[in-house]
Amino acid sequence: MKPGIKRSFNIVGVISGSIVLMFLLASFKSPPNRKPPSDTRPTISVLEVQNEEIQLVVPVIGRLTAHNKVNLLAEVSGVLEYSGKEFLEGQTYSAGEVMLSINQEETELNLKAKRSGLLTAIAALLPELKFDYPESYRVWNDYLTNFNIDATTNALPESQNDREKFFVANKGIYNSYYSIKSQEARLEKYTIRAPFDGVLITSNITPGNLVMGGQVLGTFISPTIFDLETNVSLDEVSQFQVGDKAVLSSDNISGEWIGTVSRINQGINAQTQMVQVFISLEAPELREQMFLKGNILTSSMILGLEMPRKMLYNGETILEYMDGKIHYRDVEVVSTQGEMAVVKGLENGMLISTQTQGLYNGTEVKVPGLNDQEIAKPQKKDA
């Protein structure tokens, strides 16, 4: 055999052997592992519906005003005198205590002059009474004996008959008497007394100044009894009534106060379409014009579910989890307060998604631990 042909056979043999060896080695190599298709379904948590009796509450906020509050007005004129206490803001007075005194010397002298005139008229009447009406003479004589110019005038004796009454009236006795009583009533207005236990919150005058009739002298309040004035919507006002309790608090001082709905205005604010409501409470630590907030504990009870507001889609729809998918479900939102909402119209046992972002009607989702019954339960809100 020629050397060239022999080399060709050798080369072909080497190549053939290499190919056989390559296939042989490839037969021992394991096939590559294929990755399973990834699960792109969003993961959610769910809440199981458990309806219960819920007492509805109506949130309120408003400013305190003193329940007993009066503007002190001068009904007479004169110079203001010094009294036992300075007439200044923050001054306290007991019921009936003198707050202000206006000089009344001239009025007192005029009153004494009128009493003296009545005394003279009755003295002139007695001689005729002794002869014409002897049965009344003793009564009128006793009245004259006990008459005191410096004291409040007593009521005149009653006439025994019409003839005596006309006789006394003809002498001007009744006219003089009622003129004196009018003057005595006016004299009392020179002294201003506290109408109840309270404190002066504004003072517009100081002793020595001239007081004019109709002038506002100050403002006097009871510092323990207040009204909280607030406004509620038309749908909320139907949920409570006069006598319902309210729990109130302040952002400025610690504590909690219980009030009572005392009045509900039958009118409505034309601009805001809100109804004016008053809540009365008694608390010496509070002050007029403070802001309070809280809730009216209504008499209304419903069978429903209290849930976070963030679980509501568009404010009126919940996302029900059923058969591995999300389903839109409209609900009746009874009330909302802060981060919580009260809804009704859901069946016990149904599952609601606790999240709404990125979820739509028909979205396939997965719930970890669903088969292990690890489902969120409704959390009761602290009272």
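All values reported here derive from a predicted model rather than from experimental measurement. (Residues numbered from 1 in each chain as written. Predicted model: local features only at pLDDT ≥ 70, side-chain atom pairs only at ≥ 80, totals over all residues. Heavy atoms only, no water.)

With that settled, consider the sheet that holds strand S9 (residues 210–211). With respect to topology, four strands assemble into an open sheet ordered S7-S6-S4-S9, the strand pairing being antiparallel. Two strands lie at the open edges of the sheet, namely strand S7 (191–193) and S9, each paired on one side alone. Where strand S4 (residues 78–81) meets strand S6 (residues 98–102), two bridges bridge the pair, whose relative direction is antiparallel. Bridge pairing in S6 links Glu-81 to Ser-101. (Pairing = 2+ DSSP bridges. Helix = DSSP H or I, 4+ residues; strand = E, 2+ residues; numbered from the N terminus.)

Bringing the packing of helix H2 (residues 105–132) against helix H3 (residues 134–145) into the picture now. Helix packing for two helices is described by the angle between their axes and how far apart those axes are. Here H2 crosses H3 at 155°, and the two axes come no closer than 8 Å. The orientation of H2 relative to H3 falls into the category roughly antiparallel. Note on packing geometry: the crossing formed by H2 with H3 is left-handed. Residues Leu-119, Ile-122, Ala-123, Leu-126, Leu-129, Lys-130, Phe-131 and Asp-132 of H2 form the contact with H3, whose participating residues are Pro-134, Tyr-137, Trp-140, Asn-141, Tyr-143 and Leu-144. (Axes fitted to C-alpha atoms, helices over the stretch in contact; angles between N-to-C directions. Parallel < 35°, antiparallel > 145°, perpendicular 65-115°, else oblique. Left-handed = near helix turned anticlockwise from the far one by under 90°. Contact = heavy atoms within 4.5 Å.)

Right, let's get into the pairing of strand S13 (residues 256–264). Where strand S12 (residues 245–249) and S13 come together, five bridges link them in antiparallel fashion. Within S13, the residue paired with Leu-248 across the bridge is Trp-257. Between S12 and S13, which pair antiparallel in sequence order, lie six residues; one of them, Gly-255, sits at a positive phi of approximately 130°. Across four bridges, S13 lies against strand S14 (residues 274–282) in antiparallel orientation. By the bridge assignment, Arg-263 is partnered in S14 with Phe-278.

What follows covers the nonpolar core. Counting 36 residues, the largest nonpolar core has Leu-72, Phe-87, Met-99, Ile-122, Trp-140, Ile-173 and Leu-217 as the members making the most contacts within it. Sorting the residues of this core by element identifies S6, H2, H3, helix H4 (162–170), helix H5 (173–188) and strand S10 (216–221) as the ones contributing at least two each. Of the residues forming this core, the biggest block, six residues, is contributed by H2. Sequence-distant contacts of Leu-72, that is, excluding residues within four places in its chain, are made with Phe-87, Met-99, Ile-192, Leu-200, Gln-215, Val-216, Leu-217, Gly-218 and Phe-220. If you look at the next biggest cluster of nonpolar residues, it comprises 21 residues, including Val-232, Ala-246, Val-277 and Ala-283. (Core = buried A, V, L, I, M, F, W, Y, C linked by side-chain atoms within 4.5 Å. Buried < 20%, exposed > 50% of the residue type's maximum accessible area, 1.4 Å probe, protein only.)

We describe a pair of aromatic rings using the distance from one ring centre to the other and the angle between the two ring planes. For the structure on display, the rule yields six aromatic pairs. Summarising the aromatic geometry, the rings of Tyr-143 and Phe-147 are spaced 6.0 Å apart at their centres and angled 65° between planes, so their arrangement reads as edge-to-face. The exposure class of Tyr-143 is buried, given its relative accessible area of 10%. Between Lys-85 and the ring centre of Tyr-93, over which it is positioned, the NZ or CZ distance is 5.3 Å. When the ring centre of Phe-278 is taken as origin, the NZ or CZ atom of Arg-263, which lies over that ring, is 4.0 Å away. (Phe/Tyr/Trp six-rings, centres within 6.5 Å; stacked < 30°, edge-to-face > 60°. Lys NZ or Arg CZ within 6 Å of the ring centre and 35° of its normal.)

What follows concerns the pattern of salt bridges. Enumeration according to the criterion identifies 13 salt bridges in this entry. With a closest N to O distance of 2.7 Å, Arg-115 and Glu-184 form a salt bridge. Taken as a pair, Arg-115 in helix H2 and Glu-184 in helix H5 lie far apart in primary sequence, 69 residues in all. In this pair, the class of Arg-115 matches that of Glu-184, namely buried. Notably, a salt bridge pairs Asp-162 with Lys-165, separated by 3.8 Å at the nearest N-O pair. (Salt bridge = Lys/Arg side-chain N within 4 Å of Asp/Glu carboxyl O.)

As a further point, take a negative patch on the surface. Together, Glu-81, Glu-105, Glu-106 and Glu-108 make up a region of like negative charge exposed at the surface. Sorting elements by how many residues they give to the negative patch places H2 first, with three residues. Mapped onto the elements of the fold, Glu-81 is located in strand S4. What makes Glu-81 partly exposed here is its relative accessible area of 33%. (Patch = residues over 30% accessible without salt bridge, like charges linked within 9 Å, V, L, I, M, F, W, Y side chains within 5 Å. Areas by Shrake-Rupley, 256 points an atom, 1.4 Å probe, with all protein chains shown as cover. Lys, Arg positive; Asp, Glu negative; His and termini not counted. Charge placed at Lys NZ, Arg CZ, Asp CG, Glu CD.)

Okay, the pairing of strand S16 (residues 317–322) next. With five of its six residues buried, S16 lies for the most part within the structure. Note that S16 and strand S17 (residues 325–330) share six bridges and pair antiparallel. Residue Met-322 lies in a different strand from S17, and its bridge partner there is Lys-325. Linking S16 back to S17 in an antiparallel pair, the connection comprises two residues, with Asp-323 at a positive phi of about 55°. As paired strands, S16 and strand S20 (residues 351–353) are joined by two bridges and run antiparallel to one another.

Attention now moves to unusual backbone geometry. In the Ramachandran plot, Gln-273 falls in the positive-phi region, its phi being about 55° despite a non-glycine side chain. Relative to the assigned elements, Gln-273 resides in the loop between S13 and S14. Located in the positive-phi region is Asn-314, a residue other than glycine, with phi close to 60°. Along the polypeptide, Asn-314 turns up in the loop between strand S15 (291–308) and S16.

Our focus in this paragraph is a nonpolar patch on the surface. A surface patch of nonpolar side chains, about 280 Å² in accessible area, is lined by Val-79, Leu-210 and Met-212. Along the chain, Val-79 falls in strand S4.

Note that every value here comes from positions in space, so none of it alone points to a role or purpose.
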